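Inside the fold
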Amino acid sequence: MPACVDPPGAWVAECLERERREGIAAALCAGLLIPAWVPLDMLMEPARARQFAVLRLVGAAFSVAAFASLRRARTRAAVRATNAAHFVMTGLCVAVMLPQVEHFQAYVVGYSLFLWGAGALFTWPVWLAAGTALAHLSLLSLLILAAPARPHLDDLLSGGFYLVTTAAMVLGFVGARRRTLRRAFQASMELAQRHRELVTALESLRDTQARLVASEKQSALGRLLAGLSHEINNPVNVLQNNLDPVREHVGALVELARHVEGARPGELPALQARCRELDLAFVAEDLADATGIMRSAVERIRQVHRDLRAFIRGGEPESVVSDLNEGLQATLALIGRRLPAGIRIDADLGRLRPVRMQPGQLNQVWHNLVQNAVDAVGAGGVITVRSREIGSEVEVSVADTGPGVPAEVLPRLFEPFFTTKGVGVGTGLGLATCYQIVERHAGRIAVDPTCEAGARFVVRLPAA
Amino acid sequence: MEEERRTRVLVVDDDAPNVRTFLRVFRELYDVRTALSGAEALELLRSCPVDVALVDYSMPAMNGLEILRELERSFPKVVRVLLTGYGDHPDILAAQRAGLVTVLSKPWDRDEVERTVEQLLAARDARG
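An account of the accompanying structure is given in this report. The structure presented is a predicted model; accordingly, all values stated were derived computationally and were not measured.

Turning our attention to the sheet that holds strand β5 (residues 102-105) of chain B. Residues and elements named next belong to chain B. The strand order across the open sheet formed by 5 strands is β2-β1-β3-β4-β5, and the pairing between neighbours is parallel. Two strands lie at the open edges of the sheet, namely β2 (31-35) and β5, each paired on one side alone. Averaged over all neighbouring strand pairs, the angle between strand axes comes to 25°, with direction disregarded. Pairing analysis gives 5 bridges linking strand β3 (residues 52-56) to strand β4 (residues 79-84), with the strands arranged parallel. Along β4, the bridge assignment pairs A53 with R80. The strands touched by helix α1 (residues 16-26) are β1 (8-12) and β2; relative to β2, the strand with the most contacts, the crossing angle is about 175°.

Here's what the structure looks like:
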C-alpha cells in the first residue's frame, strides 16, 4: 500500500524546510563573509577600524549562533524567530557604524544590500528579489558616478566587495531555492507516478471484485441449488414412483366397474368373487396412502417454490423500501427445512421500520450468516436470529452456540478468500460478500466483541 | 405353500413417504424391510439378515456412506446400494471407485432398481 498522501501537510512541511534552508544558507554566508569586511573597514575607515572590527565580529558571532540554532529548529516559529533575530542583530551591528563613516554612500548601499538579502530570505518571490538587487546595483553605480570627486580607489574596492559578497549570498539563496524547487518537482512527479499506479491498481481491483462477486454468487447459488435439489428430489421420487401402483389399482377398479356395468343379474356372485380377489379394503387403503403422500409431495414442491421466490425476489435490480423481516423469514424457511438433526433455529423478529434495500442481496447476507452458524454449531447447537430497531437503525443479529471466532481470526474475517473451513469447503468469500452488500446498503456488519459463548454477527442498516 | 425365498431388501431413508413408496412398488417382488435411520437399520440387521441394502445418502446423524461402510465391516455379505441425488459428490465418487457401493440416482426408476439388484446379487453369488 502506498503511504498516505497529505498534500496540504506536505506543502506546509516543505515551506518550513525551505525557510530553514534559506536561513542556514544566509547564516553560513554571513558568518563567513562578515569577518571579510574587517580588512575593508581598515582600508576605508582606518580611524575606527578597531571599533568596527569588534562590531563585525559580534555580527559574525550572531550568524554562527543563528546557523547552529537553525540546524536544530523544527517548528515554523523557531525558524522564523531565529531568522528575524539573526538579521536584526547583524543589521544593528552595521547600523551603529553608519553615522560614523566617511564613505557614507558606500556603507549605505552595502547596508541596503544586506537588508535586501534579509528581505529575500523571507517571502519575496525570486523576480522581486532579483529586481531589487538590480536597483541597488544601479543606485550604487549612480552614487559613485555622481560623486563630486572622481571615484576613489577605496570606493571602487568597497563597491566591488559588496558586489562579490552579495553575489555569494544570492548564489546561496538561489541554491537553496533550486533545491526546494527540484524536490517539489520530484515530489509532484512521484505523485503523478503513484496516481497512475493507483489508477491501474484500482482498475485491476474492480475487475477482481467483479470476478469475486460472480464466483461467490456461483458458490452461494451452488449451495442453494444443492439444497433445493435434495428438497425437490424426495417429493419427485414419491410422485414418480407412486404413479404406476395408483394406475394399476385404478385400472383394476375401472375394469371391475365395466364388468358391473355390463353384468347380468346372475353374475353377481362372480363379481363379488372378483372384488374379494382384488381385496377392496386393501386397495382403498393403499390408494388413500399413495394419493395422500403424493398430495403432500406436491405441497412440498410448492412450498420450496414459494420460499425460493421470496428468497430471490431481489433479483430486481431496483432497491425497494420494505420490511426486511420478510426476507429473513424466507431465508430461515429455506435453511430450516434442510437443517441437520439436533440443530435448532430460534427466530425473534421484532417490528421494524422499513429499510431501503435490494431484498435479494440482503437475503444473500442472511443466508450466508445463518448457513455459517449452521456449519459452526454441532448437534444440540442453537442459532438465534433476532431483528429489532435501535434508534434510527434496524439491527439483525445471528448468534450461535458454536466455538466462536478466535481472536486471531477476527481482523481478517471479512477479507476475501479468508476461510477456516478448509480447502474446497468454504470459498472464503461469504463474509466478504456480506460485508460488501451491507456496505452498499450504507450499513455496518461486525462480530459482537462482547459475545462470550459462540459467535454473534450483527448487521445494522439505516431505516428508510 | 413352499415358495422360493424372496430377496430380502432393506431400505433406509429418513423420508417416510419415500420408504412407503419403495414398499408399495416392490412389495410383490421383494421382502422389503424398512428403517428411517442408520441406527435403526443396524439394529434391524442384527436380528434379520438381508440380501440387499438400499440406503439414501442424505440423512442426519449417519449419512448413507457411513451406514454402508459400517455394513461392509459388520455384514460384508449384504449387497450395498446408495440412493442419491448427489451422484457427483466427491465422497460418493471415491466410494464408488473403491468398490464400496453401487450408486443409483434419485428419483429412482423401478426397472433400473430391479435390474441393478439382480446383477449385484448374481455377482455376489458368483463370488460365492
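Here we take up the environment of P39 of chain A. Considering the arrangement of structural elements, one finds P39 of chain A in helix α2 (residues 37-44). Each C-alpha atom of the pair P39 of chain A and A49 of chain A lies 8.4 Å from the other, and the pair is 10 residues apart in sequence.

Below, the discussion takes up the pairing of β1 of chain B. The side chains of a regular strand alternate between the sheet's two faces. Residues and elements named next belong to chain B. In terms of burial, β1 is largely enclosed, as 4 of its 5 residues are buried. Pairing of β1 with β2, which is carried by 5 bridges, proceeds in the parallel orientation. Note on β2: the bridge partner recorded for V12 is A35. Here β1 pairs with β3 via 4 bridges, running parallel. Bridging from a neighbouring strand, L10 pairs with A53 of β3.

What counts and what doesn't
- Residues numbered from 1 in each chain as written.
- Chains lettered and ligands numbered in written order.
- Predicted model: local features only at pLDDT ≥ 70, side-chain atom pairs only at ≥ 80, totals over all residues.
- Pairing = 2+ DSSP bridges.
- Helix = DSSP H or I, 4+ residues; strand = E, 2+ residues; numbered from the N terminus.
- Axes fitted to C-alpha atoms, helices over the stretch in contact; angles between N-to-C directions.
- Contact = placed C-beta atoms within 7 Å.
- Buried ≥ 20, exposed ≤ 12 C-beta atoms within 10 Å, placed from the backbone.

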